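Commentary on secondary and tertiary structure
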Amino acid sequence: MKNEDSTQRLRQLGITPTVQRVMIMDYLRDTRKHPTVDDVFHAVSEKHTSLSRATVYNSLRVLVDAGAVCQLTIEKQAVRYDLFDKPHAHFLCRICHRLYDVDVTPGTSPGRIVEGHRVESATTYLYGVCSTCREITDEQRKTEGDHA
Ligand SMILES: [Zn+2]
Ligand SMILES: [Zn+2]
């Protein structure tokens with residue numbers, strides 16, 4: 001079923017659904033980890049051992065260019081990938097460096113015409129302290145308060 005979806009989606013976007021591209025799409029669809037090229041390579045090459053890192057890299061580039069996958073540059077040190085199914089914003093925690101999908105719709109969405117320009121992608125990056133880290137910091141503050 002899943003396989004069918006990815007194949008279908010690639011055809012719609014006018015790209016040939018090669019085995020590698022479909023596998024990468026399926027992997028990205030299943031994970032909410034926002035993997036890097038290395039993560040994608042490790043995960044996909046487990047099932048498809050003949051796959052090279054260069055092939056993964058090239059396939060990702062084709063998928064990004066076609067608008068099937070979105071490239072996140074929320075962190076300077078690593079480019080991450082995400083399936084571009086529904087517009088959402090990304091939140092990066094400055095304490096644990098975890099990346100979250102958040103349901104904040106960007107003011108402008110793909111397909112909209114803004115002052116004559118056609119928007120193809122819109123990315124919102126949010127930075128701060130995530131809910132888990134906020135709880136921990138609050139806990140510490142409480143304990144420290146008890147000791148004082
Ligand atoms: Zn955090
Ligand atoms: Zn995401």
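Residues numbered from 1 in each chain as written. Chains lettered and ligands numbered in written order. Predicted model: local features only at pLDDT ≥ 70, side-chain atom pairs only at ≥ 80, totals over all residues.

Here we look at helix 3 (residues 37-47)
The line we're drawing: For every residue, the other C-beta atoms within 10 Å of its own C-beta are counted; 20 or more classify it as buried, 12 or fewer as exposed, and values in between as partly exposed. C-beta atoms are placed from the backbone. Counting from the N terminus, the helices are the DSSP runs of H or I reaching at least four residues and the strands are the DSSP runs of E reaching at least two. This arc is taken over the directions from the axis of the helix to the C-beta atoms. A residue pair is marked as a contact if its C-beta atoms, positioned from the backbone, fall within 7 Å.
Looking at helix 3, one finds that the buried residues are V40, F41 and V44. The buried residues of helix 3 occupy one face: seen down the axis, they fall within an arc of 100 degrees. Residues D38 and E46 are exposed on helix 3 and point more than 90 degrees away from its buried face. Looking at the buried residues of helix 3, the elements they touch are helix 2 (19-30), helix 4 (53-66) and strand 2 (80-83).

Observations regarding the pairing of strand 4 (residues 99-102)
If a strand is regular, its side chains alternate between the two faces of the sheet. Stated formally: A pair of strands is treated as paired once DSSP finds two or more bridges between them.
Where strand 3 (residues 89-93) meets strand 4, 4 bridges bridge the pair, whose relative direction is antiparallel. In the strand pairing of strand 4, H90 is matched with D101. Between strand 3 and strand 4, which pair antiparallel in sequence order, lie 5 residues; one of them, H97, sits at a positive phi of approximately 60 degrees.

A look at the domain arrangement of the protein chain
Under the convention used in this document: An automatic or database domain assignment supplies the start and end points of every domain. In this classification, Asp, Glu, Lys and Arg are treated as charged, Ala, Val, Leu, Ile, Met, Phe, Trp, Tyr, Cys and Pro as nonpolar, and every other residue, Gly included, as polar.
Domain annotation for the protein chain reports domain 1 (1-84) and domain 2 (86-148). Look at where the C-alpha atoms of domain 1 and domain 2 centre, and you get two points 23 Å apart. With 8 residues of domain 1 at the interface, the matching set in domain 2 holds 7 residues. A class-by-class count of the residues in the side of domain 1 that touches domain 2 yields 3 nonpolar, 2 polar and 3 charged.

A few points about the packing of helix 2 against helix 4
This is how the line gets drawn: All axes are obtained by fitting lines to C-alpha atoms, using only the stretch in contact for helices, and the reported angles, taken between N-to-C directions, cover 0 to 180 degrees. When an angle is under 35 degrees it counts as roughly parallel; over 145 it counts as roughly antiparallel; between 65 and 115 it counts as roughly perpendicular; any other value is oblique.
Orientation of helix 2 relative to helix 4, taken along the N-to-C sense of each, is 75 degrees, at an axis distance of 10 Å. One way to sum up the angle between helix 2 and helix 4 is to call them roughly perpendicular. Contacts from Q20, R21 and I24 in helix 2 reach T55, V56, S59, L60, V62 and L63 in helix 4. Class assignment for the residues of the contact of helix 2 with helix 4 results in 5 nonpolar, 3 polar and 1 charged.

Some remarks on the sheet that holds strand 7 (residues 125-128)
On the basis of which strands lie adjacent, the open sheet formed by 3 strands has the order 4-3-7 and mixed pairing. Taken across any chain shown, the strands that pair with only one partner, and hence form the sheet edges, are strand 4 and strand 7. For this sheet, the mean inter-axis angle between neighbouring strands, taken without regard to orientation, is 30 degrees. As defined by bridge partners, strand 3 adjoins strand 7 across 4 bridges and the pair is classed as parallel. Paired with C93 across the bridge in strand 7 is G128.

Considerations on unusual backbone geometry
Unlike most non-glycine residues, H34 shows phi in positive territory, near 55 degrees. Structurally, H34 can be placed in the loop between helix 2 and helix 3. Non-glycine residue E115 carries a positive phi angle of around 45 degrees. Relative to the assigned elements, E115 resides in the loop between strand 5 (113-114) and strand 6 (117-118). Residue E115 is classed as exposed on the basis of its C-beta count, with 4 C-beta atoms lying within 10 Å.

Focus: the environment of D30
With respect to the element layout, D30 can be found in helix 2. Through-space distance from the C-alpha of D30 to that of D85 is 12 Å; in sequence the pair is 55 residues apart.

Section: the nonpolar core
For the record, the criterion: Think of a nonpolar core as buried Ala, Val, Leu, Ile, Met, Phe, Trp, Tyr and Cys residues, each tied to the set through C-beta atoms within 7 Å.
In terms of nonpolar packing, the biggest core is built from 17 residues, with I24, L28, V40, V44, L60 and V69 touching the most fellow members. Only helix 2, helix 3, helix 4, strand 1 (69-72) and strand 2 provide two or more residues apiece to this core. Among the elements that make up this core, the one with the highest residue count is helix 2 (5 residues). Filtering out sequence-adjacent residues up to four positions away, V44 remains in contact with M23, I24, Y27, L51 and V56.

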